Amino acid sequence: MNELKTGAQIEASASNSPPRRETMNTLIEKGVEYVMPFYVDVHGIPKTKTVPIDHFDRMMRGSELFTGAALDGLGQGPHDDELAVLPDPDRVMQLPWRPNVAIVPGQLMYHEQAYEMCSRSALAKQIDRAAKLGLKLNLGIECETYIVRLDPSAPNGIAPNDPRDNISKAAYDVSLTLINMEFLNDVVSSMNQLGWKVHSFDHEDANGQFEFDFTYADAMTMADRFVVWRLMMKELARKYGWEATMMAKPYADRTGSGAHFNMSLADAKTGENISGDASDTRGCGLSKRAYQFLGGLKKHAAAIVAVSCPTVNSYKRLIKTGSMTGYTWAPIFISYGGNNRTHMFRVPMLRPHIEGQQNSAAHENLSSARWECRAVDPCTNPYLAAAMFLAAGLDGIEQDLDPGDPQLLNMYELSDQELASRGISQLPQTLLDAITAFEKDDLGRRVMGDALFKSYIDLKKAEWWSYHQSISQWEVDHYLTKF
């Protein structure tokens, strides 16, 4: 697992010519002709210039310049000097589906200093903060997506990629998995060639919906991988004439897509998971620091969701009912519990399944202890989202915040009065509600800095009002001749 480098460490490493030369020679031997150093805009969308492999050394020193005024959330005007991207030399990835191209994430620099409105730098700052406390955040992302084909005759102009994928209970279906196996094999093979170690993949709850689960990593590595995974899904789906959509809710009557964040704390020096405690009297098997981390997440949950669920469409997933199979599997309450999917934060507990392996399983519980946030969707900027989660959790540790006792019931079945008596509040119900909560909480400003914080608010408010001021087909259908 690669350790995060600060901007200064990346620059020092990039100035070391022999490792770059060795990397370039290795890439040439593998058939790489072009390298794409990338950063992301505020939405988490990768941006790049393409560099012939012969110019690899210059590129790794930050030779590629970008006009920030051309993109959202970079805070530049046409009068400003260009930004440079400084690639991370430890994270060069040859694209398995385009083997003549390699891609490498980097951080934006301005006048040879780390640029304050760079999403990756925002995460690096929180990782450095955690390291000073002797901690590291490990992260796993459950990657869900819909594979669709454009069909003008279908509602919203899209339909599941294969017309045979039309059954009402599609989750885990063997036949539907097999009819998509050629495409799924392309995806999984590419992920494994990148060294991501896919654990499993499946047909999800809705038609044309799939999930891919792979080995966790440190937060920066996983954020880099998630950006590349989205790119991969789009490219491979288009080979078959389809589209991979990251919309949280592309169909009103089907389950939404999530990108659940599975988090754990590790000792920064040893890498040992320190999130578990077999003597936990609350029953979740978590350590004191893990509970403190959860306390911080609960305190800042409403603000976090403005980043983890960042679009108008995101909040059409965060509803109580409406999917084809009943509940939406998406959280709407700021609560936590054990292996209970009705919470924003779920704490999975591993249990022994083979007689005589209780001791082994108990050890595995401690080394695998984690918590899952289900209020994340595939549209998120993973750097900003991970930075918000980590910052909130570190607040919890530094302020010794108590998340309260876990809730063990089906939260969807509690009345408003019962929820109030338990002190449980609801997540924001629209993007406007979320960005309002984000604006009132100081967490976002501390994570992003003043300029990016303001830019994010302005962009998301404009997105909301653009949506709100448009006229939908629903309105025409309901109101055109009603009165």
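Note: the structure precedes this text.
Description of the structure in this document. (Residues numbered from 1 in each chain as written. Predicted model: local features only at pLDDT ≥ 70, side-chain atom pairs only at ≥ 80, totals over all residues. Heavy atoms only, no water.)

Things to note about the overall build of the chain
Part 1 of the reasoning: Helices and strands together make up the secondary structure of the chain, namely 15 helices and 21 strands.
Part 2 of the reasoning: Here the C-alpha radius of gyration of the chain, 23 Å, is about what a compact globule of 483 residues would show, namely 23 Å.
Part 3 of the reasoning: Seen along its three principal axes, the alpha-carbon backbone of the chain occupies a region of about 65 × 60 × 50 Å.
Part 4 of the reasoning: Considering only residue pairs separated by 6 or more positions, the chain has 70% of its internal contacts joining residues 24 or more positions apart.
Part 5 of the reasoning: Total accessible area on the chain is roughly 21400 Å²; 51% of this is exposed by carbon and sulfur atoms.
Part 6 of the reasoning: Side chains of the chain give 48 positive and 61 negative charges; the mean places of these two sets differ by 1 Å. (Helix = DSSP H or I, 4+ residues; strand = E, 2+ residues; numbered from the N terminus. Rg over C-alpha atoms; globule rule 2.2 N^0.38 Å. Contact = heavy atoms within 4.5 Å. Areas by Shrake-Rupley, 256 points an atom, 1.4 Å probe, with all protein chains shown as cover. Lys, Arg positive; Asp, Glu negative; His and termini not counted. Charge placed at Lys NZ, Arg CZ, Asp CG, Glu CD.)

Some remarks on the nonpolar core
Part 1 of the reasoning: Residues Met 263, Leu 297, Trp 371 and Phe 438 are the most contacted members of the largest nonpolar core, which totals 112 residues.
Part 2 of the reasoning: In contact with Met 263, not counting residues within four places along its chain, are Leu 137, Asn 138, Leu 139, Phe 293, Leu 297, Arg 370, Trp 371, Cys 373 and Phe 389.
Part 3 of the reasoning: Listed in part, the 11 residues of the second largest apolar core include Met 24, Val 35, Val 51 and Val 104. (Core = buried A, V, L, I, M, F, W, Y, C linked by side-chain atoms within 4.5 Å. Buried < 20%, exposed > 50% of the residue type's maximum accessible area, 1.4 Å probe, protein only.)

Structural notes on the pairing of strand 5 (residues 83–87)
Part 1 of the reasoning: Along strand 5, five of the five residues are buried, which leaves the element largely enclosed by surrounding structure.
Part 2 of the reasoning: The alternating pattern of strand 5 places Leu 83, Val 85 and Pro 87 and Ala 84 and Leu 86 on opposite faces, both of which are buried.
Part 3 of the reasoning: Pairing analysis gives four bridges linking strand 5 to strand 7 (residues 101–110), with the strands arranged antiparallel. Opposite Pro 87, over in strand 7, you have Gly 106 as the bridge partner. (Pairing = 2+ DSSP bridges.)

Here's the deal with helix 4 (residues 119–132)
Part 1 of the reasoning: For helix 4, built from 14 residues, the straight-helix expectation of 20 Å at 1.5 Å per residue is met to within 8% by its first-to-last C-alpha distance of 21 Å.
Part 2 of the reasoning: Among the 14 residues in helix 4, 10 count as buried, and that is most of the element.
Part 3 of the reasoning: For helix 4, the full list of buried residues reads Ser 119, Arg 120, Ser 121, Ala 122, Leu 123, Ala 124, Gln 126, Ile 127, Arg 129 and Ala 130. (Expected span 1.5 Å × (residues − 1).)

Details of the environment of His 111
Part 1 of the reasoning: You can see His 111 is positioned in the loop between strand 7 and strand 8 (113–114).
Part 2 of the reasoning: The sequence separation of His 111 and Leu 83 amounts to 28 residues, and the corresponding C-alpha distance is 7.8 Å.
Part 3 of the reasoning: A polar contact is formed between the side chain of His 111 and the side chain of Asp 81, at a distance of 2.7 Å. (Polar contact = N/O pair within 3.5 Å; in protein donor to acceptor, adjacent residues only side chain to side chain.)

Focus: unusual backbone geometry
Most of the time, phi is negative for any residue but glycine, and the peptide bond is trans.
Part 1 of the reasoning: In this model, His 111 sits at a positive phi of 50°, which is unusual for a non-glycine residue.
Part 2 of the reasoning: The phi dihedral of Asn 156 falls on the positive side, at around 65°, and the residue is not glycine.

Notes on the packing of helix 13 (residues 431–440) against helix 14 (residues 443–468)
Part 1 of the reasoning: Orientation of helix 13 relative to helix 14, taken along the N-to-C sense of each, is 155°, at an axis distance of 10 Å. Comparing the axis directions of helix 13 and helix 14 gives the class roughly antiparallel. Viewed along their axes, helix 13 and helix 14 form a crossing whose handedness is left-handed. Counted together, Leu 431, Leu 432, Ile 435, Phe 438 and Glu 439 of helix 13 and Gly 444, Met 448, Phe 453, Tyr 456, Ile 457, Lys 460, Lys 461, Glu 463, Trp 464 and Trp 465 of helix 14 form the full contact between these two elements.
Part 2 of the reasoning: Of the residues assigned to the contact of helix 13 with helix 14, the class counts are 10 nonpolar, one polar and four charged. (Axes fitted to C-alpha atoms, helices over the stretch in contact; angles between N-to-C directions. Parallel < 35°, antiparallel > 145°, perpendicular 65-115°, else oblique. Left-handed = near helix turned anticlockwise from the far one by under 90°. Nonpolar A, V, L, I, M, F, W, Y, C, P; charged D, E, K, R; others polar.)

A look at the layout of surface pockets
Part 1 of the reasoning: The volume enclosed by the largest pocket comes to roughly 1000 Å³.
Part 2 of the reasoning: Elements with a minimum of two residues in the lining of the largest pocket: strand 9 (135–141), strand 12 (198–203), strand 13 (209–214), strand 16 (261–267) and helix 10 (358–367).
Part 3 of the reasoning: A breakdown of the residues in the lining of the largest pocket according to their chemical character gives 11 nonpolar, 17 polar and 14 charged. (1 Å grid on protein atoms, 1.4 Å probe; cavity = no way out; pocket = protein on both sides within 12 Å on 5 of 7 lines; lining within 4 Å. Points joined across faces, edges and corners; volume = space filled by probe spheres on them.)

Considerations on the pattern of salt bridges
Part 1 of the reasoning: Tallying each qualifying case throughout the model produces 21 salt bridges.
Part 2 of the reasoning: One salt bridge in this structure joins Arg 98 and Glu 235, with 2.6 Å as the shortest N-O distance. Of this pair, Arg 98 sits in the loop between strand 6 (93–94) and strand 7 while Glu 235 sits in helix 7 (residues 219–239); the two residues are 137 residues apart in sequence, bridging distant segments of the chain.
Part 3 of the reasoning: When salt bridges that share partners are traced, they join Arg 129, Asp 395, Glu 398, Asp 442 and Arg 446 into one network. (Salt bridge = Lys/Arg side-chain N within 4 Å of Asp/Glu carboxyl O.)

Honestly, it's all geometry; don't read function into it.
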